[in-house]
Structure formats: structure tokens, C-alpha cells
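# Descriptive analysis of the structure
Listed below are the residues making up each chain.
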Amino acid sequence: MSIDKSTVSKIANLARIKVTEQDLDYYAPQLQNILSWAEQLQEVDTSGVEPLANVSEIALSLRKDEVTDGNIQQDILANAPETVEGFFVVTKIVE
Amino acid sequence: MTSKLLSMTVTETLTGLKNKEFSATELTKAHIEQMEACRSLNAMITETPEQALAEAAQSDERIAKGEMRELEAIPMAMKDLFCTKGVRTTAASHILENFIPTYESTVSQKLKDAGTITIGKTNLDEFAMGGANITSYFGPVENPWKSKTAPEKKLVPGGSSGGSAAAVAAGMSMLATGTDTGGSTRQPASFCGIVGVKPTYGRCSRWGIIAFASSLDQAGAFARNVEDSALMLKVMAGHDAKDSTSARHEVPDFAALMKQDIKGLKIGIPKEYRVDGMPQDVLDIWNKGAEMLKSAGAEIVEISLPHTKYAVPTYYIVAPAEASSNLARYDGVRYGLREEGKDLQEMYENTRAAGFGAEVKRRIMIGTYCLSAGYYDAYYTKAQRIRRLISNDFAAAFEKCDAILTPTAPSSAFAIGENSDDPIKMYLGDVFTIPASLAGLPGISVPAGLDDQGLPLGLQIIGRAWDEVTMFRTAFALEQAVAFSAQPELIKVA
């Protein structure tokens, strides 16, 4: 496995982070180093081991499907970069 | 008077307030002045003195009426990762530089309801990603401690909760909140000569804490002694309907229960934690700590945690993967920074490029890679399987012992700028704190001595899940035996 500049460029695109040519030079060796260091995990025999996602072993509880809050449109919009008449505004996406 | 107000315990303070030896306003003012005197440390992102003094006036009214709450008027510093209603909350990131939450995190609300008075929001590594508090958009935090051998050097306070640790160490606040994902409360506590505790995963609600890695994130507590940290954690803990991973378990009265002696307790020393290149000072203090617990009546037993060496790389797959997912929400649409672009995709890319710092981008990209098609099983699922093995190691160890004693960190505080060119070297600073995080176990760092540079070193006590009581008991016994009294110069000049 090797992380070259084109791989970093692909990852950055997936992560929606704009990268310059300079950024690629900076990140490629770092990501390569980190991932090669993590390669040591492959030497551990994990056959038959269940992945651990939830350490607390608390069963997630269910509640009634009811509205528990609401009517806070102003709160939700309060930090938006741009709003119009109660909506978030983004660059036009339909021609 | 001022210096006395800045060095009391919580219990002494509550007694002093009750007996009208000083008022909540005097107490609050003294801490605000200390905060202002210590500005060069850069421990605060946002100071909230007006709000603090208004709350102090209310506290004085309550005290006059005999209606004191559990932590009435106790000066608090709040890590700027806890959302605070009406007070800017940045996560030390440019992307949230102007974010003013319209809601309050559960933990900060509970602390407020118990009477604490927040004097400011503390600096941290950006989105809590770092171990030295050098990745903050608002600049690094300086440790109030100075090296004897190189006093001109500015030292890191540890991270990610570096501002909180520095604030408590410098006497700016009596208590402070932290968060701990891989050691972000325990390690800065060690670097700053104070107590830092991370409870069992699920003990505190995560609601309103800006998310980093959700399967690991827990709120933490900083204090200058074990009892204060126990009093604070009691207030923070408990079930919250807004966080389905918060536990319904009853919260014990940690401070009352921890004073029982440790006769007959079995304390495990993991042999795999004797890592290569560990400084002699760290090793000595660890051995001394074990001797002290033995003298206090505990039995010292060697234990094995065979997958220890895989913990840090496991963490650096799991945590970035979860971070890449959690941080996808910062897209310039609903809150936070926006950098315009010719279309929506470019707006996202420009916003995230401008809004995130280098360490955050590095982790988002590592996480994105590990979760991408074709690599998911090889990295993320593999790391989760090893996470189970690490958790199983602890389960087996706790068959033989009641608590585990380790160093908190492999070194004392280093200079700002050191280690920063090598991410992996920086990551290894959390080698002793990450395993307990992966297993969801409670851990506490207690100051245990000074190294040859005169810098504090902490020892960590790890408990069984939900058994913070035994962890606190052991920590309290250790604290009594160590009798750590050193303070950084700064706190004395006040």
C-alpha cells in the first residue's frame, strides 16, 4: 500500500477538502507514514474476533416516536452563514 | 487573602462561604484577576467575567438565605468544546470561530445547576485533536510550570484539554472541565501537576459536547486534589435522555466512599507498560507509587495486557474514522464558516480547506481513507477487532486485580515546538492512556512527583468499568502517601 499524491487528491475530494499541489507534497508522506505504521495491526490474528463498536454494553433504548421539541426555527437558523425567510441559502444548484 | 482564595479546596471554600469568611463575589473576583494576570498563558479563548460576577451576586443571595447548592460559587473553567448557551463555543477551530450555541450541554448545565461559576472557555487542541495543545486556531497554551534546567523554554500543558489544565494549575479556576478521547484529560493533568479524571464511557452525557470520536469521547474533570475531582464528577455524571449511550446506573457518592482504606486491594502493574526508552524518572516514580500503595495495605500483582503495543495504532484508525464522519457536518451551510465557491461542491471544499487546521485535515483524511470502499475491512473493522482484544485483556487482568497503576504519560511536559514535526511521535505520548479509552474504562491521573527538571509527573489509576469508587479510593491513598505540594511559580505571585 502506498499513499501517493494522486491518492491524497482522491481522499481529499471524498472528504471535501480543497488541496493545493503544495498540500499534496505535505500530506502524502505523512499519511503514508501513519498508514504504514498502522500496518502492524495486520500481524494480529483476529480470526473469530467480533469487532467492538460499543464498549458500554448498554442496549440503546427506544422511545415513543413523538416530537419532543420543536418550534425553534430561529435557534436553528441563528448561526447560519446565510438565510432567507426561514431557509438556509446555498449557491444555486439547479440551472 | 487573594492567594488564600486561589489555593483552597472545594470543601474549604464551601465552608468559608457558609461561615461568611468571604463572599462569592470576592471569590469570583480573585479568580477573574488571576485569569487576567495569567493571560500570557493563552489558556482562555473567551473570558466571561461579567456573566461570572452576575452569577456570583446570585450565589451571595442564596448563601444569605441559607440555600447553598452542592458546588455553590466554585470557580470553573469550561473547555471550549462544551456548548454554552449564548457564549461563543469554538472547539479551537476557525470553522466555529463565531459559533454561538442556542443550547447548553448537559454536563455544563449540571455544573451550573450545582452552583459553579464559569469564568471562561478554555483553549484546546482543535476539535480536541492533539496531545500538546499546539493545534489550536487560537495559538498554543503555555504550561504554568517551568523547567529548572531550561527556565526560558515555554512548555506545553499537554492536550487536548491544555487550557483547562493550565487554568487549574495556575489558580485561575478551582475546577475545570475536560474531555478525554484518548487521554486528553489525564495527560494534561500529568503535565500540569494536577488531578484529571476520565470516568467510564457512558457515565456522563455527551450531549452538547462537540463530537470528535463518539465511541471514545467522555467528559472529564480537573481539580487540584482527588476529593475535588470526585465531588465534581458526581455532579457531571448521570443518565440523560438526550444521549442514548449515557448509563442509567446510579451515581455513587465518590468523595464519601473513596476515604475507605485500601487494605487488601490488589493493584495490578502491567508488565507491557515498561516500554523502551521510558525515562528513568518516570520508572522511578511508578515504582515508588507501587511501594506507597503497598505500604498503605494493598497487594501489588504483576498483570499482563498483551495487546498494549497495538493500542495506539488501533486508536489512530478508529478515532480518525469516527472524526471524519462527525466532522462531515461542517459544510458551510447551517453554521460555522463559509467560503464561497462557484458551485456547492466548491463551496464545501473551500470552506473546509480554510476552516480546518493541518492536524484536523490529516485525521479527516486518514479516517476517510480507512472508511473508503476496499479499505474498510482492512483498516476500520480490523482495528475494531483488535479493540475487542484490548478490552478482553483488561477483563482478564481485572480477574487478578482491583485497579491498575501505570504512569500517565511517558514523559513530563516538553517545549512548545518539540515533537511537532513527527505526528507518530506525538501520538505515542498517549501510549498509557489510550488502552483504557479503547476499553471504555475509568482512569485518573494523580500528581506523583517531580522529575529532574522539576516538572510534575502523574501516575494513572485505571478502574473496572463503573467502579470509579475503587479508582478514587486508590487515587486518594496514593495522594495521601505522595503528599504532593509543589506549585508553579505563577500561583504564588497572586
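Relevant structure appears above.
Residues numbered from 1 in each chain as written. Chains lettered and ligands numbered in written order. Predicted model: local features only at pLDDT ≥ 70, side-chain atom pairs only at ≥ 80, totals over all residues. Heavy atoms only, no water.

A few words on the overall build of chain A. On a plain count of helices and strands, chain A comes out with 3 helices and 2 strands. N-terminal to C-terminal, the α/β element order of chain A is α-α-α-β-β. Relative to the compact-globule value of 12 Å for 95 residues, chain A shows a C-alpha radius of gyration of 22 Å, a clear excess of over 25%. Dimensions of chain A, computed from the C-alpha atoms along their principal axes, are close to 55 × 45 × 25 Å. Taken across its 95 residues, chain A has 32% of its residues classed as buried. Considering only intrachain contacts with a sequence separation of at least 6, the fraction spanning at least 24 residues in chain A is 32%. (Helix = DSSP H or I, 4+ residues; strand = E, 2+ residues; numbered from the N terminus. Rg over C-alpha atoms; globule rule 2.2 N^0.38 Å. Buried < 20%, exposed > 50% of the residue type's maximum accessible area, 1.4 Å probe, protein only. Contact = heavy atoms within 4.5 Å.)

Here we come to the pattern of salt bridges. When their charged atoms lie close together, side chains carrying opposite charge are able to pair. Residue and element names in this part refer to chain B. Counted by the stated rule, this structure contains 23 salt bridges over all chains. Its salt-bridge partner being Glu21, residue Lys4 comes within 3.8 Å of it at the nearest N-O pair. With Lys4 in helix H1 (residues 2-5) and Glu21 in the loop between helix H2 (10-18) and helix H3 (24-37), this pair connects stretches of sequence that are 17 residues apart. Note that Arg39 and Glu36 form a salt bridge whose closest N and O atoms lie 3.8 Å from each other. (Salt bridge = Lys/Arg side-chain N within 4 Å of Asp/Glu carboxyl O.)

Further remarks concern the environment of Glu272 of chain B. Residues and elements named next belong to chain B. When you line up the elements, Glu272 lands in the loop between strand S7 (266-270) and helix H10 (280-295). Sequence separation between Glu272 and Thr308 is 36 residues, and the spatial gap between their C-alpha atoms is 6.6 Å. Aside from chain neighbours lying at most four places away, what touches Glu272 is Ile303, Ser304, Leu305, Pro306 and Thr308.

So, about the packing of aromatic side chains. Residues and elements named next belong to chain B. One pass over the full model with this rule turns up 20 aromatic pairs over all chains. Look at Phe127 and Tyr330: their rings are 5.1 Å apart centre to centre, the planes differ by 50 degrees, and that puts the pair in the tilted class. Linking Phe127 in the loop between strand S3 (117-122) and helix H6 (162-169) with Tyr330 in the loop between helix H11 (311-326) and helix H12 (344-355), this pair joins segments that are 203 residues apart in sequence. Like Tyr330, Phe127 is buried. Put simply, the rings of Phe99, Phe127, Tyr330, Tyr335 and Phe356 touch in pairs and so form one group of aromatic residues. The ring of Trp207 carries Lys242 above its face, with NZ or CZ at 4.2 Å from the centroid. Across from the ring centre of Trp286, 4.7 Å away, lies the NZ or CZ of Arg274, which sits over that ring. (Phe/Tyr/Trp six-rings, centres within 6.5 Å; stacked < 30°, edge-to-face > 60°. Lys NZ or Arg CZ within 6 Å of the ring centre and 35° of its normal.)

Right, let's get into H12 of chain B. Three or four residues apart is the spacing at which side chains of an α-helix point the same way, because the helix has 3.6 residues per turn. Taking 1.5 Å of rise per residue, the 12 residues of H12 of chain B would be expected to cover 16 Å, and the 16 Å separating its terminal C-alpha atoms lies within 8% of that figure. Considered for burial, the residues of H12 of chain B that qualify are Leu344, Glu346, Met347, Glu349, Asn350, Thr351, Arg352, Ala353 and Gly355 of chain B. Of the surrounding secondary structure, the elements contacted by the buried residues of H12 of chain B are helix H1 (5-14) of chain A together with helix H13 (358-371) of chain B. (Expected span 1.5 Å × (residues − 1).)

Attention now goes to a nonpolar patch on the surface. Together, Ile72, Ile76 and Phe88 of chain A give the surface a local cluster of nonpolar side chains, amounting to about 230 Å² of exposed area. Tracing the backbone shows Ile72 of chain A in the loop between helix H2 (21-38) and helix H3 (73-77). (Patch = residues over 30% accessible without salt bridge, like charges linked within 9 Å, V, L, I, M, F, W, Y side chains within 5 Å. Areas by Shrake-Rupley, 256 points an atom, 1.4 Å probe, with all protein chains shown as cover.)

All names here are of chain B. Of the consecutive residues Gly159 and Ser160, the connecting peptide bond is found in the cis state with omega at 10 degrees. The residue Trp466 is not glycine, and still its phi comes out positive at about 70 degrees. Examined against the element boundaries, Trp466 turns out to sit in the loop between strand S11 (456-463) and helix H17 (468-482).

Glancing now at the interface of chain A and chain B. Facing the 51 residues of chain A at the interface are 69 residues of chain B. Roughly 5,300 Å² of surface becomes buried between chain A and chain B when both sides are summed, with 66% attributable to carbon and sulfur atoms. Seen at the junction of chain A and chain B, the total is 22 residue pairs in polar contact (both at pLDDT 80 or more). For the side of chain A that touches chain B, the secondary-structure elements that each account for two or more residues are H1, H2 and H3 of chain A. Among the elements that line the side of chain A that touches chain B, the one with the most residues is H2 of chain A, at 9 residues. (Buried area = accessible area lost by both parts, 1.4 Å probe. Polar contact = N/O pair within 3.5 Å; in protein donor to acceptor, adjacent residues only side chain to side chain.)

To continue, consider the state of the cysteines. On inspection of all chains with the given rule, the structure shows 0 disulfides over all chains. Cys38 of chain B carries a free sulfur, and the closest cysteine sulfur to it, the one in Cys192 of chain B, is 12 Å from it. (Disulfide = S-S within 2.5 Å.)

Another aspect to go through is the pairing of strand S2 (residues 75-79) of chain B. All names here are of chain B. The element S2 is largely enclosed, with a buried count of 5 among its 5 residues. Side-chain alternation along S2 places Pro75, Ala77 and Lys79 on one buried face and Met76 and Met78 on a second face that is also buried. Bridge count for S2 against S3 is 5 bridges, and the pairing is parallel. Along S3, the bridge assignment pairs Pro75 with Ile117. Since S2 and S3 lie parallel, the crossover through helix H5 (residues 106-113) that links them has a hand, and here it is right-handed. (Pairing = 2+ DSSP bridges. Right-handed = clockwise from strand over helix to strand, strands pointing away.)

Further remarks concern the sheet that holds strand S1 (residues 44-47) of chain B. Residue and element names in this part refer to chain B. The strand order across the open sheet formed by 11 strands is S1-S3-S2-S4-S6-S5-S10-S11-S9-S7-S8, and the pairing between neighbours is mixed. The strands lining the two open edges of the sheet, one partner per strand, are S1 and strand S8 (299-303). Between one strand and the next, the sheet's axes are offset by a mean angle of 30 degrees, whatever the strand orientation. In this sheet, strand S9 (residues 403-407) lies alongside S7 in parallel orientation, the contact comprising 2 bridges. Counted as the bridge partner of Ile267 is Ala403 from S9. (Axes fitted to C-alpha atoms, helices over the stretch in contact; angles between N-to-C directions.)

The next subject is the packing of helix H8 (residues 226-236) of chain B against H17 of chain B. All names here are of chain B. Look at H8 against H17: their axes get within 9 Å of each other, and the N-to-C directions meet at 160 degrees. As far as their axial angle goes, H17 and H8 are roughly antiparallel. Counting all contacts with H8, which are made through Val226, Ser229, Ala230 and Leu233, the residues of H17 involved are Glu468, Phe472, Ala475, Phe476 and Glu479. Here the contact of H8 with H17 is composed, by residue class, of 6 nonpolar, 1 polar and 2 charged. (Parallel < 35°, antiparallel > 145°, perpendicular 65-115°, else oblique. Nonpolar A, V, L, I, M, F, W, Y, C, P; charged D, E, K, R; others polar.)

Here the focus is the packing of H13 of chain B against helix H14 (residues 376-397) of chain B. All names here are of chain B. Contact pair H13 / H14: the axes reach a minimum separation of 6 Å and the direction vectors enclose 110 degrees. When the axis of H13 is compared with that of H14, the two are roughly perpendicular. Residues Tyr369, Cys370 and Leu371 of H13 form the contact with H14, whose own contacting residues are Tyr376, Tyr379 and Tyr380. Here the contact of H13 with H14 is composed, by residue class, of 6 nonpolar, no polar and no charged.

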